[in-house]
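# A look at the structure
One letter stands for each residue in the lines below.
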Amino acid sequence: MPSMAADLPLISSWLDSKRTPFGFGFSLHISPMKLSFNHKKLNGLVTRAVLQVGSVANEKLKGLKKIQGLGFDVVKEAELVENGFLGMRKTKLVCTIGPSSCSYQELEKLALGGMNVARLNMCHNSRNWHQDVIRKIKKLNQEKGFCVSVMIDTEGSQIHVVDHGAPSSVKAEDGSIWFFTTERFEGSRPFTVQASYEGFNEGITEGDELVVDGGMATFEVIERIGNDLRCKCTDPGLLLPRAKLSLWRNGKLVDKHHELPTLSAKDWSDIEFGTSEGIDFIAVSFVNDAAVIEHLKDYLLAKNKSVKVLAKIECLESLKNLEEIVEASDGIMVARGDLGVEIPLEQVPALQEEIVDLCRRLNKPVIVASQLLESMIEYPTPTRAEVADVSEAVRQSADALMLSGESAMGSFGLKAISVLRIASTRMELWSREVNRVQKFLPPLGVSLPDRIAEQICNCAGQMANKLEVDAIFVYTRHGEMASLLSRNRPNPPIFAFTNEDSTRMALNLQWGVVPIAFDLSDDMDANVSRTTDLMKAKGMVKAGDAILVVSDVIPTYAVYQSLKVIVIE
Ligand SMILES: Nc1ncnc2c1ncn2[C@@H]1O[C@H](COP(=O)(O)OP(=O)(O)OP(=O)(O)O)[C@@H](O)[C@H]1O
Ligand SMILES: CC(=O)C(=O)O
Ligand SMILES: [K+]
Ligand SMILES: [Mg+2]
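Here goes a summary of the coordinates provided.

Reading the values: rules and limits
Residues numbered from 1 in each chain as written. Chains lettered and ligands numbered in written order. Predicted model: local features only at pLDDT ≥ 70, side-chain atom pairs only at ≥ 80, totals over all residues. Heavy atoms only, no water. 1 Å grid on protein atoms, 1.4 Å probe; cavity = no way out; pocket = protein on both sides within 12 Å on 5 of 7 lines; lining within 4 Å. Points joined across faces, edges and corners; volume = space filled by probe spheres on them. Helix = DSSP H or I, 4+ residues; strand = E, 2+ residues; numbered from the N terminus. Pairing = 2+ DSSP bridges. Donors = N, O, S within 2.8 Å, 3.2 Å for Na, K, Ca; no water. Nonpolar A, V, L, I, M, F, W, Y, C, P; charged D, E, K, R; others polar. Salt bridge = Lys/Arg side-chain N within 4 Å of Asp/Glu carboxyl O. Buried < 20%, exposed > 50% of the residue type's maximum accessible area, 1.4 Å probe, protein only.

## A word on empty space enclosed by the protein
What the rule picks out here adds up to six cavities of 30 Å³ or more. In this structure, the largest cavity encloses a volume near 160 Å³. Along its surface, the largest cavity is lined by 16 residues, and Ile159, Leu245, Ser246, His257 and Glu342 are the ones closest to its centre. Secondary structure elements with two or more residues in the lining of the largest cavity: β14 (245-249) and α9 (336-342). What the second largest cavity holds in volume is close to 130 Å³. Contributing to the lining of the second largest cavity are 14 residues, with Val394, Ser397, Ser431, Val437 and Trp511 lying nearest its centre. Elements that contribute at least two residues to the lining of the second largest cavity include exactly α11 (384-395), α13 (413-432) and α14 (436-440).

Pasting the structure below:
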């Protein structure tokens, strides 16, 4: 077993770099508070070796605030009691809510099944429907002790089918002639497909290709007449309601997204509605560049709304500006559905891995989305290939996996979430064995502006693994340290105590973090003893458990970040 001292050079090397721009000096002290040599994990080490890195406080510690109980997610609590610290799932699960999952009972079942975030796609359904779902989720959280965050996903300016002349799907036969029109009309016309965007056929000429849903059906443009494109079906298939339309010339996409506003008037109105209902995340569809994310974040800041903004990577333009988009946003969704429409399908897997790695480097949570268990929309078991896809996303250490149609409209949403839960827990375990995590994941260098926090958390991650502590406790107001710890993908779970509700809900999307509501005080020792006492009383920690404690609680008088190891007595 490596000794704790082995970590000291690492820590002291960054301690040398003083935080002069902020006017703080740093001290490191190791104070053995109590010696005991029989702990199962830290045999031979002091039981309360305290490694503290804090600014020199020039004021006395403030008095203890009144601390109430712990706001612990009932599902995580049960998971901990049942599986122990190491058996807790790290990968977060997002479920799209739709007609088959919108009742109070179904939502409760999904929450019990491990849903961390509920996604509402504003492309579908009415304002009242969305409001009703959001309120049900809030009620479940409040009355039943769940911790499910709410995400809205903007409609954006997609080019899709408005009407295709049939109530549900319609088959386009080989060689059949169809009109794709931008004309608005009521009712339906046979062999006529209404497209959502007026500029849809501009610049399109004979010989171009019109692709439906990324290859579900393909047409050749024969003629452009006024508002219409007259097309011949060259690859037969189904036209589904709201099917996506894209145009191609000589094997290259004719990019129309950049002509459209990323946030339409309807999107702004949906955002206004969502924030007034207290949502936690906005996922922005078809992001082209960082500007739209910055604009939305400024807007939310001005309105004093702590809502996290996620950028969906799903079009060509977003790939060109990937790094600036990741930097600007609070998280990313790899929206493989539309991405696979805009770029050749075989490029999606490598891109997914690159995006996941980039997000980890820049410390932004990342969701892998779409078609993870697509066959489960219809069938109660997944294909082997789907389970392999899910496991691969977990191996890449994506923060979260997302269900779409599987939970929104399928009959087996609950089974689908249990497949995600079981497959991700299994893969996490496998990745941890014989240090595979270290082999798989690119090492973290020094890449973030807050180098001190970054290095504390990198060291904490290494220490947690080497010392085989049972859990990491982090005390955080804005979630920064919790997020930086998560970025290291350590073996033990990260319990993040926070007094900010918005921080708690945002941390729901971060790998391995269990967010817990707690009335933080400026007195760190009081926080630690109070939370461990409360968790002990609940049977969640017991004597002998080793815990790595990290803090970024910032009292009014100083910056105070610390790292220490305690063993529960
Ligand atoms: N609120 C809803 N009401 C009705 N049906 C829904 C709803 N949400 C999703 N669905 C159904 O589930 C399917 C998949 O949902 P999802 O929202 O993930 O679609 P998507 O096309 O992947 O997303 P996006 O439109 O953002 O690209 C939809 O095509 C739709 O049929
Ligand atoms: C989720 C989504 O928007 C997509 O995959 O296209
Ligand atoms: K959407
Ligand atoms: Mg999409």
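## A short note on the sheet that holds strand β11 (residues 217-225)
Within the open sheet, the eight strands sit side by side as β6-β9-β8-β12-β11-β10-β14-β15. Their pairing is mixed. The sheet terminates laterally at β6 (161-163) and β15 (252-253), the two strands that pair on one side only. Pairing of β6 with strand β9 (residues 192-195) involves two bridges; the strand directions are antiparallel. Note that in β9 the partner of Asp163 across the bridge is Gln194.

## Points about the coordination of the magnesium ion (ligand 4)
Coordination sphere of the magnesium ion (ligand 4), protein contribution only: Glu314 (OE) and Asp338 (OD), at 1.9 to 2.1 Å. The potassium ion (ligand 3) is placed at 5.3 Å from the magnesium ion (ligand 4). Of this pair, Glu314 sits in the loop between β17 (308-313) and α7 (316-320) while Asp338 sits in helix α9, and the two are 24 residues apart along the sequence.

## Observations concerning the layout of surface pockets
Taken as a whole, the second largest pocket encloses approximately 920 Å³ of empty space. Lys297, Lys308, Asp330, His478 and Glu480 are the residues nearest the centre of the second largest pocket, which is lined by 33 residues in total. At the level of elements, α6 (290-302), α16 (480-487) and α17 (501-506) are the ones that each hand at least two residues to the lining of the second largest pocket. The element best represented in the lining of the second largest pocket is α6, accounting for four residues. Class assignment for the residues of the lining of the second largest pocket results in eleven nonpolar, eleven polar and eleven charged.

## Side note on the pattern of salt bridges
For side chains bearing opposite charge, pairing can occur when the charged atoms are close. Considering all chains together, one arrives at 30 salt bridges under this definition. Across the pair Lys109 and Glu106 runs a salt bridge, and its minimum N-O distance is 3.4 Å. On the criterion of helical spacing, the pair formed by Lys109 and Glu106 is a turn pair, its members being three residues apart in helix α3 (residues 104-112). Taking relative accessible area as the criterion, Glu106 reaches 25% and is therefore assigned partly exposed. Of the charged contacts, one joins Lys266 and Glu155 as a salt bridge, the two residues approaching to 2.9 Å between their closest N and O atoms. Taken together, the residues Lys266 in helix α5 (residues 265-276) and Glu155 in the loop between β5 (149-153) and β6 connect sequence positions 111 residues apart. Judged by its relative accessible area of 38%, Lys266 is partly exposed. Residue Glu155 is classed as buried on the basis of its relative accessible area of 15%. Each of Arg127, Glu155, Arg242, Lys266 and Asp270 takes part in one network of salt bridges that share partners.

Treat this as a map of the structure, not an account of what it does.
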